[in-house]
Every structure is written in C-alpha cells, then in structure tokens.
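# Topology and contacts: notes
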Amino acid sequence: MFKLKRFVLPAIVLLLPFLSAAQAVIDLNEVIRIGLENNYDLKISRNEQQISDNNLTLGNAGFLPSVGLNSGYSVRENNSDQFPADGGEAVTTRNSVTQTLDAGLNLNWTIFEGFKVQTNYKRLQELKSVGELNTQLAVENFIADISAEYYNYVQQTLRMRNLRQALNLSRERLRIVEARYQIGSLSRLDLQQARVDFNADSSQLIQQYEVLHSSRILLNEMMGTGNVEQHFMAADTTISFDPMLSKLALYDNMMKVNTALLLTEKNKVLSEFDLKTLQSQNYPYLRLNGGYGFTHYDYTKGNFDKQRTWGPTVGVTLGFTIFDGFNRSREQKNARIRIDNRELQVERQKLMLQSDFANMWLAYQNNIQLTNLEKESLENAQINYEIAMDRYKLGDLSGILLREAQVSLLQAEQRLLTAQYRTKLYEISLLQISGRIGEYLSTH
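All residue numbers refer to position in the chain's written sequence, counted from 1. Per-residue local features are limited, in this predicted model, to residues with pLDDT of at least 70; the limit for side-chain atom pairs, both in listing and counting, is 80 or more; totals at the level of whole chains, interfaces and linings are taken over all residues. The basis for every side-chain value is the complete set of heavy atoms in the structure, and neither hydrogens nor water enter the calculation.

### Quick look at the overall build of the chain
Condition: Here a helix means four or more residues in a row that DSSP labels H or I, a strand means two or more in a row labelled E, and each is numbered from the N terminus. The quantity called the radius of gyration is restricted to C-alpha atoms. Its globule counterpart is 2.2 Å times the number of residues to the power 0.38. Each residue gets one of three labels from its accessible area relative to the maximum for its type: buried under 20%, exposed over 50%, partly exposed in between, using a 1.4 Å probe on protein chains only. Working rule for contacts: check all heavy atoms of both residues, and any pair within 4.5 Å makes them a contact. Note on areas: Shrake-Rupley with a 1.4 Å probe; residue coverage comes only from the protein chains shown. Under this rule, positive means Lys or Arg and negative means Asp or Glu; His and the chain ends count for nothing. Where a charge sits is defined by one atom per residue type, namely NZ (Lys), CZ (Arg), CG (Asp) or CD (Glu).
When its secondary structure is counted, the chain shows 11 helices and 6 strands. Computed over C-alpha atoms, the radius of gyration of the chain comes to 40 Å, more than 25% over the 22 Å expected from 2.2 N^0.38 for 444 residues, which places it beyond the range of a compact globule. For the chain, the spread of C-alpha atoms along the three principal axes comes to 150 × 55 × 35 Å. Here the chain holds 444 residues, and 34% of them are scored as buried. Intrachain contacts of the chain at a sequence separation of at least 6 include 80% that bridge at least 24 residues. As displayed, the chain offers around 25700 Å² of accessible surface, 54% of which is attributable to carbon and sulfur atoms. If the 47 positive side-chain charges of the chain are averaged to one point and the 49 negative ones to another, these points end up 3 Å apart.

Structure, rendered in structure tokens:
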C-alpha cells in the first residue's frame, strides 16, 4: 500500500535549514553598512584615492628645491717624467700616491619655468578630485549592486514560499486521491499522476533552495563577511518600490551630479592643464644652484703632505629653447586636439545618459503597470483555484484540470514577483544614474 510519508519526508528535509537555530534578520540598511565597511573592492578604491591625496604636495608640484648630500674617497697613483724646456736634466717621479676625500651639500631650485609649477599643483588638485570621484563611483555602483542582490534574495525567498505552498497543495491533492483510490472511486492513473505532480513540485523546491543559497552566498561575499555560508533572513517580506518618482527631478539631478559625467568633465580639465604645461616651454627658465663643499688631499710626494679646500658655491642658470625642430608647436597642437576630443566625450556622455535615462524611465513605468496587472491576475488565479478545489473535492472536476488551476496560480505568483523585482531594479538604476542611490542607505 502506498504511504504518504514517502513524500512527506523529502519536504521535511527541505525545511531543515529553516528549522535550525534562529537566523539573524538583516535589512537593506545593515547590508549596505556592512558592505561599505568590509567590501574589498571598496577598500582598494579608497587606497587608490589615498594615493591621489598623498600626491598633492608642494614638493611633488615642483615648488620646493631639492637638496642632496654626497661624499667620495679616491686613491690615485702617478708616475711622471718632466723635461725642462731648456734641455736640463729630466725630473722623474715614481709611485706618487694621492688620496682624496670630498664631501658636499648641493641645492637645486627651479625659480621660474613658465608657470609649469603652478600648473602642476592645480593638476594634482584635479587628480585628487578624480580620486574622490572614482571612490564615489565605486560606492554608488556597490550600493546599486548590493541593493539589487538584496532584493533578489527577497525575491528568491518569496519564490521559495510560493513553491512550498504549491507543494502543500499537491500534498493535499495526493491525500485526497489516495483516499479515493483506496475506496475504488479513482483509478491508478489518477494516483500516479498525483504522485508525478507532487514529485515535480518537490523537485522545483529543491532547485529553488539552491538558487536561494547562491544568492545568500553572493550577498555575504559582497558584504565581505568572513563566512560566505552565514545564514540570515531578509527583513523585507515584500518587494516594494516608489511609484511616484519625479522624472524631471531625476533628469535634472542626473545632468548636474552624475558621477560618470563629472569624471568625463574632469578629464577635459586635465587635458587643459596638459596644454598649459606644454605652453610653459614658450617661456625662459631660471634655476638656482648652490652648495657647500669640502675636499681633503693626502700626498706621498711633493712640496705638501696635505691640502684642504672648502667653501660655498652659488650660481644661477637662465635659459631659453630657441628652436627644437618644431616639436614644441606640434605637441601643443596635439594637446588642443585632445581637449577637443575630451569636449566631444563630455557631449557623448551626456547623450548616452539621456538615452539610458529614457529607456530606464519607460521600462520603470511599464513595469509598474505590469505589476498592477499581475496583482489582478493573481487575485483571479486564487479565486479560480479555490473554485477548482471545491469542485474537485465534490468529484465534479478532474485532477488534470485542478492541476492546471494550481499551475496557473503558481505562475501568477511568480510573474508578480518578477514584475515587482524588475520594477525595483529600474528604480535602483534611476536613482543610481541621477546620483541619488545613497538614499537607500539614508532612508532605511
């Protein structure tokens, strides 16, 4: 005799992960907060920004002089023959050893080089801003990505709930079929079909647990937790979205503070500084050189045993490149072309943003309408299934038609979840492109 417990046990096994020790409940705000602290990609971005911050110094720009200290020691052995001009006796010197010890302090300072130093400092300031914008862009992308995955986890959790409910319905149908089969009012074909449907729903539930598990692992990875298999439950039990976003406000904000657009504009500014740096070659340069030296000599032969010299040296160098094969002119022309290209890139970025925004807004509006439609479809599917189940219990409906009503109910539930999740994704994208994605952290 067929026993229902053969089909109940697999379902109990599936529920074991959820019947274990109480799981932590975590909301989107906490997910983002943990991720902002621990995510490795963000840590790398912040370190890169720190490099840009460290580079903003007067010395790196060239305002400050360079000072060096050097010393040396040498030994020289000489042999010489000296012949007087009057034809007298030659003077021969053999194995004359001279030891030299010297030390010096040198200073080099470019006083003027056609405003190159001032331009370098401004360029370093812009690079610091670029580093900050890159970090900001990484943070915005992270908040958008982890928010999307959080709501995917919510979606998969709700799908799990729907599949459990579907399995419960199949179990109830199987119980009814078993009872009727025992008294001979239903055929073995009806019983086998009920078993097939029950197993099919069990299989879907097993597969869904794998999908849910993968989403949880990904969330743990994005949060940078030490244990990627850490169990938790999402605080949100529905996927809600704001249907009242203002298109005009989002668009205006996008054109003002979109991080990708700001970075493109910064690249144009950097190209302008590159041109100014090249134009500094059109001016003369003035450099100051100074130092203090000490030299000590030891002689083995000659009129002196030792000799010492010391003292400061100061000098200035004034120069100007008169002709360099027209290279200076060529480089400046190319720099102006690069500025034009950067301007074109800014305009292209604006056009791309406008195009992306238009597509996102249309999809956002369409999915809001689709969500409302699927809510109505779900209500009808629920009513349809209740009627079908009542008729089935009375023996007025076949198992196949009941199964169709059950499948329609499950499909309506899943379509509604898909529509809600897609609407949420487009809401996230609209807030991200308009520079307002941080609201997910501040409003939760």
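### Concerning unusual backbone geometry
Even without being a glycine, Phe115 presents a positive backbone phi close to 65 degrees. Note that Phe115 resides in the loop between strand S3 (91-112) and helix H5 (116-183). We note that Phe326 has phi near 65 degrees; this positive angle belongs to a residue other than glycine. Along the chain, Phe326 falls in the loop between strand S6 (306-319) and helix H9 (327-393). On the basis of relative accessibility, which here comes to 62%, the residue Phe326 falls in the exposed class.

### Focus: the nonpolar core
The test is simple: Nonpolar cores were defined as sets of buried Ala, Val, Leu, Ile, Met, Phe, Trp, Tyr and Cys residues, with membership established by side-chain atoms within 4.5 Å.
Counting 44 residues, the largest nonpolar core has Ile146, Tyr150, Leu430 and Tyr440 as the members making the most contacts within it. For this core, the secondary-structure elements that each account for two or more residues are helix H2 (28-38), H5, helix H6 (188-223), strand S4 (232-234), helix H7 (247-257), H9 and helix H10 (399-433). Here this core takes 10 residues from H5, the largest share from any one element. Non-local contacts of Tyr440, meaning those with residues more than four positions away in its chain, are made with Leu28, Ile32, Ile143, Ser147, Lys424, Glu427, Ile428 and Leu431. Membership of the second largest hydrophobic core comes to 24 residues, among which are Met160, Ala166, Leu402 and Leu416.

### Observations regarding the packing of H7 against H9
The condition that has to hold: Axis definition: a line fitted to C-alpha atoms, over the contacting stretch in the case of helices. Angles run 0 to 180 degrees between N-to-C directions. Angular relationships are summarised with four words: roughly parallel below 35 degrees, roughly antiparallel beyond 145, roughly perpendicular across 65 to 115, and oblique for the angles in between. A crossing counts as left-handed when the near helix is turned anticlockwise from the far one by less than a right angle, and as right-handed when that turn is clockwise. Basically, the charged four are Asp, Glu, Lys and Arg, the nonpolar ten are Ala, Val, Leu, Ile, Met, Phe, Trp, Tyr, Cys and Pro, and anything else, Gly included, counts as polar.
Viewed as axis vectors pointing N to C, H7 and H9 meet at an angle of 155 degrees, and their least axial separation amounts to 11 Å. Of the possible angle classes, the one that applies to H7 and H9 is roughly antiparallel. Seen from above, H7 lies across H9 with right-handed handedness. In this structure, H7 uses Lys247, Leu250, Tyr251, Met254 and Met255 to contact H9, whose residues at the interface are Lys350, Leu353, Gln354, Phe357 and Trp361. Split by residue class, the contact of H7 with H9 holds 7 nonpolar, 1 polar and 2 charged.

### Points about a nonpolar patch on the surface
Rules: Residues enter a patch when their relative accessible area is above 30% and they make no salt bridge; the linking distance is 9 Å between like charges and 5 Å between nonpolar side chains (Val, Leu, Ile, Met, Phe, Trp, Tyr). Salt-bridge detection follows one rule: a side-chain nitrogen of Lys or Arg within 4 Å of a carboxyl oxygen of Asp or Glu.
Residues Val67, Leu69, Leu105, Tyr292, Phe294 and Trp310 make up a contiguous nonpolar surface patch of roughly 680 Å² in combined accessible area. Counting residues per element, the ones that place at least two in the nonpolar patch are strand S2 (66-82) and strand S5 (285-299). Position of Leu105 among the secondary structure elements: in strand S3.

### Focus: helix H8 (residues 259-279)
Threshold: The length a helix should cover is 1.5 Å for every residue beyond the first. For this analysis, a polar contact is any N or O atom pair within 3.5 Å, provided that within protein one partner can donate a hydrogen and the other can accept it, and provided that sequence-adjacent residues contribute only side-chain to side-chain pairs.
Taking 1.5 Å of rise per residue, 21 residues should cover 30 Å, and H8 covers 30 Å from first to last C-alpha, within 8% of that figure. Structurally, H8 contributes buried residues whose contacts are with H5, H7 and H9. The N-cap of H8, judged by a side-chain oxygen 3.2 Å from the amide nitrogen of Ala260 a few residues on, is Asn258.

### Quick notes on the confidence of the model for the chain
Put simply, the rule is: The predictor attaches a confidence to each residue, called pLDDT, with possible values from 0 through 100.
Averaged over all residues, the pLDDT of the chain is 89; the fraction at 70 or higher stands at 91%. When pLDDT is averaged over each helix and strand of the chain, the minimum, 48, is found for helix H1 (residues 5-19) and the maximum, 97, for H7. Below a pLDDT of 50 lies the segment residues 1-9, which in the model reaches 13 contacts outside its immediate sequence neighbourhood of four places, other chains included.

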